[in-house]
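This is what each chain is made of:
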Amino acid sequence: MSDKFRDHLGRPIVAVTGMGVITSLGQGLEDNWKALTGGVSGIHDITRFPVNNLSTRIAGTVDFIEVPFSNAVERSYAMARETTVEALAQAGLSGDFDGPLFLAAPPVEPEWSARFALADRAEPSSQPGDAYNRFLAAMRVRPDAEFHEAVLFGSISERLADKFGTRGLPVTLSTACASGATAIQLGVEAIRQGRTVRALTVATDGSVSAEALIRFSLLSALSTQNDPPEKASKPFTKDRDGFVIAEGAATLVLESLEAAIARGAKVYGIVRGCGEKADSFHRTRSSPDGGPAIATIRAALEDAGLSEEGVGYINAHGTSTPENDKMEYGAMLSVFGERLKSIPVSSNKSMIGHTLTAAGAVEAVFSLQTILTGTLPPTINYQNPDPAIELDVVPNTKRSQQVQAVLSNSFGFGGQNASLVLAAEPA
Amino acid sequence: MAKSPNDVVVTGIGLASSLGVGRAAHEAMLFSGTLPQPVIETEKFAPYPVHPLVAVDWSEQIPKRGDQRQMENWQRLGVFAAGLALDDAGFKDDAEACGTMDMIVAAGGGERDINVDSLIVDEALKRNDREELLNEKLTTELRPTLFLAQLSNLLAGNISIVHKVTGSSRTFMGEEGAGVSAVETAAARIRAGQSTHALVGGAFIAERLDIILMVEAIKGHQTGKWEPIWARDRSAGGGMIMGTVGAFLILESRAHAEARGAKIYAVIDRVEGDRGNRAEGRMEKRLTRMLDGSDISLVLSGTSGFHELAKREKSYLEERFPNAAIRGYGGMLGHSVEAQFTAGIALAAMALAAHKPVAPFDADHEKPMTKGADQALVTTIGHQRGEGIALLAANS
């Protein structure tokens, strides 16, 4: 292999040759990019389930993808399938993919409708707390293979593996809000190991339900500024009060640069580096000193062989929670110092909300598109800046600016953090 | 095989099951020379027998009460078994080693609150506005800590908090295959020089009605009494008896382990998973591909006990390795889904390190060994999908 296909550590350079994306803004990279750079918000009132008496009544749900049944597995699968179809078409690949599949997917549980249906066909209660004994008795009378399949964590990757002909045992993973970035990282590692020349990395999340929303509400993680919905997500402002839960998916086709060039594929960018570091501070809060986030960013830069000066734009995690934005700012300041003021940093979540499991991959796609188009997407709803956070957030309106390398952060709930460095194709 | 600095070696074992806590309890099962007896609970979840968790003093590995309270048993058991593995490898109080240690956890989901779920479905039977009811009840009845105890990635999160393992943290999901991918990924990284030491494993609680329900949806459970795993009554259910197991491993590069003078149990020569349609011998074809060129004298089979799958796996192994002793460890520990594969690797590593014959777990269907094995195969055939194999060798 010639040197131009190797990185600073002698590893195969990993190219992105196909991308697909779905968010509440729409389906496909073109529509999404147009809306995202136009400062359009995809956040809206929830219509999927009743929201009376709930403190949060807005979300960035994806309601336009057709599914045979309305549940998290079907939605997550359908979005992943559509973004993968788009990415493979862009990559010019058809037939069996013949590389591994790394899928970030939400943990699933039976839907409440399934529990209600079981209760309907079960014997009545004979003592408090006996619902599952009755469910079991009902299952003994009439098993339900669909129920089983719908609660298996391996069911989405199974369908994707069959549909796209991926190789080996697919990995389904969850590192909370960092999941999408972790999926990409696993693909990069596999190519660098020489195990494969291409990997399919997919992240999807269609898990917005009443219970999911209420759970995050109980942790005080969600914005309650319901009116108007499109103004709720306001990262880095003084009035930010929580994230807006959302859905979406993204697929990236990763290939060794050498294999991509050899087959004449168009290269959309490079995944130049990945970094991770777990937090041992608290189950829902990041270390206040930002230590793990700092270590994550530094690890990504080191892996990329890039100095702090090489980063031209940062696609922030920027959830719009009081805590994350403050911590993320502190971490970035610690890494980039005074120069941080001159690095544009924007949060896609101001428009699409927090797509949770999918976020890292969705935002990686937008980061690559930023490099390709020379357009920085804005942080919208930036009316009342937090004086303690001195950032150029590309406020409210997109900006034309060429960048060679983007840092994309994903800092997870539960202490899992990952950062990616995306870069332009080497000249 | 010639030794290499990036060989993947097993240097720590953390096992907790119905048989006990730690290595000794499981070595007793392997090496006592007599037929081991499973521990079975038949009353509590009747008609479903399960291998229950042995009495555990959580404080041994989770010293802070506050940490214990933040978890339910699934996460507690995982954090506990991870602590055992760290202890066993000599990493427990090594902040530097834990701070750079990679971690991959094979996870399912945590416990549902059975009382809250019951309350809601019972109330719903009386009402037409079920969705409104759901909002009303979930808002008032859900405990935030229970939500955290349910999150798949928070087993890893709790390991970071309690044991300070923070080099990296990844959670893999997907039933038995999650355990296979966890070991496969950690091993591939070590072999490629991307990682030097890693904590890998999972936990499974069988004593959960919400989990039992999952498999009963396909009539998968053996009902009534325990029977040896290769000979379960086809008229008494699907053949699976679940078992509570926490199984973590420390995997290291040979160079990293030798530099610190660590005890090496065994070397993982090969680990791989695959999947696909199982009809018409396709599953066996995949096994043949993955096992190409291997020769072993001991198989630790992680069969789920599902009748057809158990039968096919045993016939295949007997034909492919006619001289090997086959041990269905799920018969003794129960089927532990996400923890099944790492539990098998733990047992194989102990057998290779001790170089002693492993007693049959079933005198009628498993043949005795006359001497210790130098190579061992671990299999895990997923109850619904996915197959994984690991080939281990003694560190000679």
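For every chain, the first residue of the written sequence is number 1, and numbering continues from 1 along that sequence. Key to labels: chains lettered from A, ligands numbered from 1, both in the order written. Whole-chain, interface and lining totals are the exception, using all residues; otherwise, since this is a predicted model, local features are given only for residues with pLDDT of at least 70 and side-chain atom pairs are given and counted only at 80 or more.

(A) The arrangement of the overall build of chain B in detail. In terms of helices and strands, chain B carries 15 helices and 11 strands. Since a compact globule built from 396 residues should have a radius of gyration of about 21 Å, the 21 Å found for chain B is in line with a globular shape. Principal axes of the C-alpha set define a box for chain B whose edges measure 70 × 55 × 40 Å. Here the C-beta atoms are placed from the backbone, and a residue counts as buried if at least 20 other C-beta atoms lie within 10 Å of its own, exposed if 12 or fewer do, and partly exposed otherwise. Taking all 396 residues of chain B together, the buried fraction comes to 60%. For chain B, long-range pairs separated by at least 24 residues make up 80% of all intrachain contacts whose partners lie at least 6 apart in sequence. Helix and strand definitions follow DSSP, with helices as H or I runs of at least four residues and strands as E runs of at least two, each counted in order from the N terminus. Atoms counted for the radius of gyration: C-alpha only. Globule rule: 2.2 Å times residue count to the power 0.38. By definition, residues are in contact whenever their C-beta atoms, placed on the basis of the backbone, come within 7 Å of each other.

(B) Main features of the overall build of chain A. Helix and strand content of chain A: 13 helices and 15 strands. Against the globule reference of 22 Å for 427 residues, chain A gives a C-alpha radius of gyration of 21 Å, in line with a compact fold. Taken along its principal axes, the extent of the C-alpha atoms in chain A is 70 × 50 × 40 Å. The 427 residues of chain A split such that 63% are buried. When contacts within chain A are restricted to residue pairs at least 6 apart in sequence, those whose partners lie at least 24 apart make up 78%.

(C) Looking closely at the interface of chain A and chain B. Facing 63 residues of chain A, the contacting portion of chain B comprises 64 residues. Only α3 (112–121), α4 (131–141), α5 (145–150), α6 (155–164), β6 (171–173), α7 (179–192), α8 (210–218) and β9 (269–278) of chain A provide two or more residues apiece to the side of chain A that touches chain B. When residues in the side of chain A that touches chain B are grouped by element, the largest group, 7 residues, is from α4(A). Classification convention: Asp, Glu, Lys, Arg as charged; Ala, Val, Leu, Ile, Met, Phe, Trp, Tyr, Cys, Pro as nonpolar; all other residues, Gly among them, as polar. Broken down by class, the residue content of the side of chain A that touches chain B amounts to 30 nonpolar, 18 polar and 15 charged. The pairing criterion is simple: DSSP has to find at least two bridges between the two strands. Note that β6(A) and strand β4 (residues 170–173) of chain B share 2 bridges and pair antiparallel.

(D) Here's a closer look at unusual backbone geometry. Across the junction of D227(A) and P228(A), the peptide omega takes the value -5°, indicating a cis bond. Mapped onto the elements of the fold, P228(A) is located in the loop between α8 and β8 (248–256). Here A46(B) and P47(B) are connected by a cis peptide whose omega angle stands at 10°. In this structure, P47(B) sits in the loop between α1 (23–31) and α2 (65–69). With a phi angle near 85°, S320(A) is a residue other than glycine that sits in the positive phi range. Structurally, the position occupied by S320(A) is in the loop between β10 (313–315) and α11 (322–336). With 28 C-beta atoms packed within 10 Å, S320(A) lands in the buried category.

(E) Expanded view of the pairing of strand β5 (residues 101–104) of chain A. Residues and elements named next belong to chain A. Every second residue of β5 is oriented toward a common face, with L101 and L103 on one face and F102 and A104 on the other, all of them buried. When β5 meets strand β7 (residues 198–205), the two strands line up parallel, connected through 4 bridges. The residue of β7 that forms the bridge with L101 is L200.

(F) A look at the pairing of strand β8 (residues 298–301) of chain B. Residue and element names in this part refer to chain B. Residues L298 and L300 line one face of β8 and the alternating positions V299 and S301 line the opposite face, and both faces are buried. Where β8 meets strand β9 (residues 325–328), 4 bridges bridge the pair, whose relative direction is parallel. Paired with L300 across the strands is R327, a residue of β9. Note on handedness: a clockwise path from strand one over the helix to strand two, with the strands aimed away from the viewer, defines a right-handed crossover. Once you follow β8 into helix α13 (residues 307–320) and on to β9, the crossover reads as right-handed. Judged from the 4 bridges that link them, β8 and strand β10 (residues 375–381) form a sheet pairing that is parallel. Note that in β10 the partner of L298 across the bridge is A376.

(G) Region of interest: the domain arrangement of chain A. Each domain's limits were defined by an automated method or a database of domain assignments. Partitioning chain A into domains gives domain 1 (14–109 + 152–423) and domain 2 (112–150). If you look at the interface, domain 1 of chain A gives 5 residues, while domain 2 of chain A gives 4 residues.

(H) Quick look at the nonpolar core. All names here are of chain B. Membership of the largest hydrophobic core comes to 280 residues, with the highest contact counts inside it found for A349 and L392. No other element matches helix α15 (residues 340–354), which puts 11 residues into this core. Leaving out residues up to four positions away in the same chain, A349 has contacts with V10, I13, Y265, A266 and L392. Only buried residues count toward a nonpolar core: Ala, Val, Leu, Ile, Met, Phe, Trp, Tyr and Cys, linked into one set through C-beta atoms within 7 Å.

(I) Spotlight on the environment of P228(B). Residue and element names in this part refer to chain B. Within the secondary structure layout, P228 lies in the loop between α10 (209–216) and β6 (245–253). Using a count of 19 C-beta atoms within 10 Å as the deciding quantity, one classes P228 as partly exposed. Among all residues touching P228, those that are not within four sequence positions of it are G331, D362 and H365.

(J) How the structure looks around the packing of helix α2 (residues 72–91) of chain A against α6(A). Residue and element names in this part refer to chain A. The N-to-C vectors of α2 and α6 enclose an angle of 30°; their axes lie 10 Å apart at closest approach. Between α2 and α6, the interaxial angle falls into the category roughly parallel. Of the two elements, α2 crosses α6, and the hand of that crossing is right-handed. Residue-level contacts link V73, S76, Y77, A80, R81 and T84 of α2 to S155, I156, R159, L160, K163 and F164 of α6. A class-by-class count of the residues in the contact of α2 with α6 yields 6 nonpolar, 3 polar and 3 charged. Axis lines are fitted to C-alpha atoms, over the contacting stretch for helices. Their N-to-C directions set the angle, which ranges from 0 to 180 degrees. Oblique is the label for every angle not falling under 35 degrees (roughly parallel), over 145 degrees (roughly antiparallel), or within 65 to 115 degrees (roughly perpendicular). With the far helix as reference, a near helix turned anticlockwise by less than a right angle produces a left-handed crossing, and one turned clockwise produces a right-handed crossing.

(K) Summary view of α15(B). Residues and elements named next belong to chain B. The end-to-end C-alpha distance of α15 is 21 Å, a good match for the 21 Å that 15 residues give at a rise of 1.5 Å each. In terms of burial, α15 is largely enclosed, as 14 of its 15 residues are buried. Immediately beyond the C-terminal end of α15, within one or two residues, lies H355, with a positive phi of roughly 50°. For a helix, the expected span equals 1.5 Å multiplied by the number of residues minus one.

(L) Quick look at the packing of α3(A) against helix α5 (residues 114–124) of chain B. It is the contact of α3(A) with α5(B), at a shortest axis distance of 10 Å, that shows an interaxial angle of 65°. Of the two possible hands of crossing, α3(A) and α5(B) adopt the one that is right-handed. Facing α3(A), whose interface residues are R115(A), F116(A) and A119(A), α5(B) presents D117(B), V121(B) and A124(B).

(M) Broad picture of α10(B). Of all 8 residues that make up α10(B), 7 are buried, and the element is covered over most of its length. By the burial criterion, the buried members of α10(B) are L209(B), I211(B), I212(B), L213(B), M214(B), V215(B) and E216(B). The inward-facing, buried residues of α10(B) abut α4 and α5 of chain A together with α5 of chain B.

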